[in-house]
Amino acid sequence: MGISLTLGCAGDPGTGDTEALEESAEAFSTTPGEPNHEEITITALSFLKPEVIKALTIGNVSTDIKYYTSNAAHFDDCNFRGGAAFVAEKQAQAVKALGPGIALLDGDALAMLAFSHSLHAVQDFYAHTNWVELGGDVLVDQSLTAFPAFRPYSAVPSTGFIVVQGPKPREAAVTRDDDAPYPEYAIVTVRQRRTTAYGLVSGTVDYEPGDHCPPPVAMTHDELSKDKTSLTDRIEQHLAAKSLAIRQTRHEWCRLNQLTHDAWGDAGTARLAAWVADPSSAPDCTAE
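Reference entry: report on the structure contained in this document. Everything numeric here is computed off the predicted structure, so don't read it as measured data.

Thresholds, definitions, all that
Residues numbered from 1 in each chain as written. Predicted model: local features only at pLDDT ≥ 70, side-chain atom pairs only at ≥ 80, totals over all residues. Heavy atoms only, no water. Helix = DSSP H or I, 4+ residues; strand = E, 2+ residues; numbered from the N terminus. Contact = heavy atoms within 4.5 Å. Areas by Shrake-Rupley, 256 points an atom, 1.4 Å probe, with all protein chains shown as cover. Expected span 1.5 Å × (residues − 1). Buried < 20%, exposed > 50% of the residue type's maximum accessible area, 1.4 Å probe, protein only. Polar contact = N/O pair within 3.5 Å; in protein donor to acceptor, adjacent residues only side chain to side chain. Phe/Tyr/Trp six-rings, centres within 6.5 Å; stacked < 30°, edge-to-face > 60°. Core = buried A, V, L, I, M, F, W, Y, C linked by side-chain atoms within 4.5 Å.

Attention now goes to the overall build of the protein chain. What the protein chain contains, in helices and strands, is eight helices and four strands. In sequence order, the protein chain lays out its α and β elements as α-α-α-α-α-β-β-β-β-α-α-α. Sequence-distant contacts, at least 24 apart, represent 70% of the contacts inside the protein chain between residues at least 6 apart. Accessible surface for the protein chain amounts to roughly 12,600 Å². Of this, 55% is attributable to carbon and sulfur atoms.

The terminal C-alpha atoms of helix 4 (residues 80-97), which comprises 18 residues, lie 26 Å apart, in line with the 26 Å expected from a rise of 1.5 Å per residue. What helix 4 keeps buried is the set Phe80, Gly82, Gly83, Ala84, Phe86, Val87, Lys90, Gln91, Ala94, Val95 and Ala97. On the buried face of helix 4, the contacting elements are helix 5 (104-128), strand 1 (162-163), strand 4 (195-200), helix 7 (235-264) and helix 8 (266-273). Structurally, the start of helix 4 carries an N-cap: the backbone nitrogen of Gly82 is 2.9 Å from a side-chain oxygen of Asn79.

What follows deals with helix 7. Over its 30 residues, helix 7 extends 43 Å from the first C-alpha to the last, a length consistent with the 44 Å expected when each residue adds 1.5 Å. At the exit of helix 7 stands Gly265, carrying a positive phi of roughly 70 degrees.

Moving on: the packing of aromatic side chains. The geometry of two aromatic rings is summed up by the distance between their centres and the angle between their planes. Counted by the stated rule, this structure contains 14 aromatic pairs. Ring centres of Tyr126 and Trp131 lie 6.3 Å apart, and the angle between their planes is 80 degrees; on these two criteria the pair is classed as edge-to-face. Exposure class is identical for Tyr126 and Trp131. Each is buried. Joined through ring pairs, the aromatic side chains of Phe75, Phe80, Phe125, Tyr126, Trp131, Phe147, Phe150, Phe161 and Tyr198 make up one cluster.

Counting 45 residues, the largest nonpolar core has Phe125, Tyr126, Trp131 and Phe150 as the members making the most contacts within it. Contributing elements (two or more residues each) for this core: helix 4, helix 5, strand 1 and helix 7. Setting aside anything within four residues of it in sequence, one finds Phe125 in contact with Phe75, Phe80, Trp131, Val140, Phe150 and Leu200. Counting residues in each nonpolar core, the second largest holds 25 residues, with Ala94, Phe115, Trp253 and Leu256 among its members.

What follows is the structure, given as structure tokens:
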């Protein structure tokens, strides 16, 4: 199967974008730093054909360029609603491209590109938020329906963490100890109506417009990120985030299969089956 992947970003960035692109290139330390997005994608989806993995990896890395000012594409700036919508939208685009009305190779290329963008976002989720610091050791979502919406100040079902986005409700208190050492300073607490829970936040990025983090608990990307092993005080958290990102990426393959079957039946499932090199090592999505 020969597949041509168009990244959707023509030419080189302008000189005014250079600094932002250099910073963007360090989201989960994509090459020329540590190739973590690549390693996560290859490890999680090793059962796919080499040309498919290559296309997904290229598309994943291109997210840092094509969407380098989008906090939603990287779960930055406490934009959880936007990040979840980005993942769901890109996966819906992938499913649409696998429909019977689009030529086989064109549809596959479009689907791989859209799916790879969604993978980049879910991988960044674990590196850019305080999920790991809060003790999160399970996937943020393991359903096979569309990626769920994250409503501000609602609980994430898998952990009970409260999504901190935008001004807090009047009756709520949102706090953290910014004088504590790492990782303690990343612990956010939300108190609402006599209940107390951990608060989920992500780091702020100054070149991405739209900061949704309440000032009392805001942390910069540099203060919170677990993108690379050169952050020597965060090696344990980096490895935990990377492990969860691998597991989530593998699960997203199962979600894509289910969504495609829901939309196009067995014909859709067959389209994705053609991407697989080794069915014996593919995840058993019925057990996910």
